[in-house]
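# Tertiary structure, described
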Amino acid sequence: MGAMMWLRPRAGFAFSKRDFVASLGAVTTEDLLLDDRFPRTNAYHPDWILGSASGGANSLWLTEWLMSVMELQSGMRVLDLGCGLAASSIFLAREFGAQVWATDLWFDVSANEPRIRDAGVADLVTPVHADARTLPFEAEFFDAIISIDSFPYFGTDDHYLAYLARFLKPGGVIGIASAGMIEEIEGDPPEHLASWWKAEPAMWCLHSPKWWRRHWERSGIVDVEVADTMPDGWHYWLKWHRTVAPDNHVEMNSIEQDGGAHLGYVRVVARRRKDAVIEEPITSIPSEYEAKPLLRDQGTE
Ligand SMILES: C[S@@+](CC[C@H](N)C(=O)[O-])C[C@H]1O[C@@H](n2cnc3c(N)ncnc32)[C@H](O)[C@@H]1O
């Protein structure tokens, strides 16, 4: 496994609870996962949070942070795009009464069905196995779309927002929270990140709030309401890694050395403009073949 655990299915999740506890020494999981900044998340059992971990960030921390600038009301239809093991979807249903379509590519419906049922929200959360680029939903179906620690995998494509926004009602809101950059790296990565970036060139998909604001605003489809970084986000990135992947020294050392200079958590919230006209995507163009001479010296007889 490469150093970039954030971008990959996490082999680290396979270690046993005993190994995990031993690796923490005197610090308990509870200590590591409790934090005054996230009162809603604090109510969830650490074993459940760890058992639902599917990425390099604590999805509940990121979701709670995102929800502090997004208003979700009971009954709203929400797409949770790249939900992994659906912890964020369950959280949105339980905390806000939202109806959530928990959509993911790497994890199948069968991975999420039992956890959604056991969390008591089977009436609110529907697991969906789909690629973010070929979504099986009706246009303007959702009141809100969220994406936790996933959007950089598919959302940096200049065409993507126009594709995704068609599933959002006019005036609906889209919010993403994920690992990202405080500022864009111009030129080569700084020395302490160079070997990580070299081993995992996909790290270039991480961007700053300023980058995302420009990326979305120039589409003309949305108005960006928030684009910022989590204060001390690197500290939470590190804390989560110490909890779930204590052997991933490359990533932890880099984050520690960086100390929040470049790496952190990024959040962007935007509203679909009511006047935005989103064209249907072109999927085929009718054409009829008429034979023509291939070369000039073949003439036109
Ligand atoms: C780092 S994990 C984060 C999962 C979860 N949201 C969390 O925070 O724990 C990234 C997720 O993005 C999803 N993903 C990546 N590419 C995708 C795509 N093209 N369509 C849908 N989901 C995708 C993966 O399936 C994976 O679960």
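The paragraphs below set out a description of the structure included in this document. (Residues numbered from 1 in each chain as written. Predicted model: local features only at pLDDT ≥ 70, side-chain atom pairs only at ≥ 80, totals over all residues.)

Glancing now at the sheet that holds strand 2 (residues 99-104). Across the sheet, which stays open at both edges, the 7 strands sit in the order 3-2-1-4-5-7-6 with mixed pairing between neighbours. Only two strands of the sheet have a single partner each, and these edge strands are strand 3 (125-129) and strand 6 (222-229). Each adjacent strand pair in this sheet contributes to an overall mean axis angle of 15 degrees, direction not counted. Both strand 6 and strand 7 (residues 263-272) contribute to a ladder of 7 bridges, which runs antiparallel. Paired with V226 across the two strands is V269, which belongs to strand 7. Together, strand 6 and strand 7 form the strand contacts of helix 10 (residues 209-217), whose direction differs from that of strand 6 by roughly 175 degrees. (Pairing = 2+ DSSP bridges. Helix = DSSP H or I, 4+ residues; strand = E, 2+ residues; numbered from the N terminus. Axes fitted to C-alpha atoms, helices over the stretch in contact; angles between N-to-C directions. Contact = placed C-beta atoms within 7 Å.)

Not every one of the 22 residues close to the ligand is listed here, only the nearest: G55, S59, G82, G84 and W106. Tallied by class, residues from the shell around the ligand come to 10 nonpolar, 8 polar and 4 charged. (Near = placed C-beta within 6 Å. Nonpolar A, V, L, I, M, F, W, Y, C, P; charged D, E, K, R; others polar.)

Two packed helices can be described by the angle between their axes and the distance between those axes. Running from N to C, helix 9 (residues 191-199) and helix 12 (residues 249-258) cross one another at 150 degrees; their axes reach a closest spacing of 9 Å. Considering the angle they form, helix 9 stands roughly antiparallel to helix 12. Where helix 9 crosses over helix 12, the handedness of that crossing is left-handed. In this structure, helix 9 uses H192, L193 and W196 to contact helix 12, whose residues at the interface are V250, S254, Q257 and D258. (Parallel < 35°, antiparallel > 145°, perpendicular 65-115°, else oblique. Left-handed = near helix turned anticlockwise from the far one by under 90°.)

A few words on the packing of helix 5 (residues 59-67) against helix 6 (residues 87-96). At a minimum axis separation of 9 Å, helix 5 and helix 6 run at an interaxial angle of 45 degrees. Put simply, helix 5 runs oblique to helix 6. Judged by the twist between their axes, the crossing of helix 5 over helix 6 is right-handed. Contacts between helix 5 and helix 6 pair S59, L60 and T63 from the former with A87, S88, F91 and L92 from the latter. A class-by-class count of the residues in the contact of helix 5 with helix 6 yields 4 nonpolar, 3 polar and no charged.

Attention now moves to unusual backbone geometry. One non-glycine residue, A86, adopts positive backbone phi at about 65 degrees. With respect to the helices and strands, the residue A86 is situated in the loop between strand 1 (77-81) and helix 6. On the basis of neighbour count, A86 is assigned to the buried category, with 28 C-beta atoms found within 10 Å. A positive phi is found at D232, a non-glycine position, where the angle reads about 55 degrees. Tracing the backbone shows D232 in the loop between strand 6 and helix 11 (233-244). On the basis of neighbour counts, which here come to 14 C-beta atoms within 10 Å, the residue D232 falls in the partly exposed class. (Buried ≥ 20, exposed ≤ 12 C-beta atoms within 10 Å, placed from the backbone.)

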